[in-house]
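Analysis of the macromolecular model
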Amino acid sequence: MKNVFGLKKTVLAASIVAASLAPAIAAAEVSGTLGASSQYLWRGQQLTDGAAVYGSVDYSHTSGLYAGAWASSETDDTEYDLYAGFGGEFEGLSYDISYIDYNYTAGGTLAADPASVADFQEVHVGVGFAGLSADAFIGVGNSGKGGDEDYKNDYFALSYGYDKYGITAGYYDFDGDPEVDATLADYTHVDLSYAVTDQFTFTASKIVDQEDVAGEDTWDDDVVLSVSYEFAL
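Residues numbered from 1 in each chain as written. Predicted model: local features only at pLDDT ≥ 70, side-chain atom pairs only at ≥ 80, totals over all residues. Heavy atoms only, no water.

1. Quick notes on the pattern of salt bridges
Note the following rule: Each reported salt bridge corresponds to a side-chain nitrogen of Lys or Arg within 4 Å of a carboxyl oxygen of Asp or Glu. Secondary structure elements follow DSSP: runs of H or I of four or more residues count as helices, runs of E of two or more count as strands, with numbering from the N terminus. The buried label applies to any residue whose accessible area, calculated with a 1.4 Å probe on protein chains only, is under 20% of its type's maximum; exposed applies above 50%, and partly exposed to all values in between.
Inspection of every chain in the model, using the stated rule, returns one salt bridge. Linking Arg-43 and Glu-122 is a salt bridge whose minimum nitrogen-to-oxygen distance equals 2.9 Å. With a gap of 79 residues between them, Arg-43 in the loop between strand 3 (41-42) and strand 4 (45-46) and Glu-122 in strand 9 (residues 120-129) connect regions that are remote in the sequence. When its relative accessible area of 0% is taken as the criterion, Glu-122 is described as buried.

2. Quick notes on the packing of aromatic side chains
We count it as follows: Stacked, edge-to-face and tilted labels apply to pairs of Phe, Tyr and Trp rings (six-membered ring for Trp) whose centres lie within 6.5 Å, assigned for plane angles under 30 degrees, over 60, and everything in between, in that order.
For the structure on display, the rule yields 17 aromatic pairs. Considering the side-chain rings of Tyr-172 and Phe-174, the 4.3 Å spacing of their centres and the 15° angle between planes classify their relative orientation as stacked. We note that Tyr-172, like Phe-174, is buried. Aromatic pair Tyr-172 and Tyr-187: ring centres 5.8 Å apart, planes at 55°, arrangement tilted.

3. Focus on the pairing of strand 6 (residues 65-74)
For the record, the criterion: When DSSP finds at least two bridges between two strands, those strands are taken to pair.
Because side chains alternate across strand 6, one face comprises the buried residues Tyr-66, Gly-68, Trp-70, Ser-72 and Glu-74, and the other comprises Leu-65, Ala-67, Ala-69, Ala-71 and Ser-73, none of which is buried. Bridge count between strand 5 (residues 52-60) and strand 6: seven bridges; the pairing is antiparallel. What sits directly across from Gly-55, in strand 6, is Ala-71. Remark: four residues form the turn of the hairpin made by strand 5 and strand 6, two consecutive strands paired antiparallel; Gly-64 in that turn has positive phi of roughly 105°. Sheet topology places strand 6 next to strand 7 (residues 77-90); 10 bridges connect them, and they run antiparallel. Note on strand 7: the bridge partner recorded for Ala-69 is Leu-82. Counting the residues that bridge the hairpin from strand 6 to strand 7 gives two residues, and of these Asp-76 lies at a positive phi of roughly 60°.

And the structure:
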């Protein structure tokens, strides 16, 4: 799921944001989405060797409370995320706070390429106004559920959208020593997106800065292009 505004356009974040910003006057309802993308982009990382298929089921209440589930294919794995939160809008200012539980049926794709890690949880806090949004995903709980180590990796993003165009700058702050584990090297990425329609989107993502480990880069900083199509059920 791991998205939001450009974060997964993480892609999940999109489901969370949509559920959290449901108009207060609307009746409580259940909705769903189904989509596919040429690549699974996750905070500047390419999580699949090729296309990914994903979908969500969401429940939203007039009070602003919502909950849902999001799932996606990954290389040699399947991810499903559960989330619940509260969101709304006041005089043009949107807000959201939610809890996200990330799960992997194969225990995570542990590979040299950026890929899923073991199960983990985050608390998301986000605000938006006039096309500008700021989001923080704070790691909570234990790595791998029931593990001995606390999960303390955090992710922060600033996004702006105008008409069909969007830009997101994100920073992944890993807890730990990258000299011991290179996959803990902090990095910054930038995503540019263009929405041909509400359902059809092009995204270009690139890691623009990263923490050196023994004088070398850990993360692939090539530009990654993705095309996605999503529709409501």
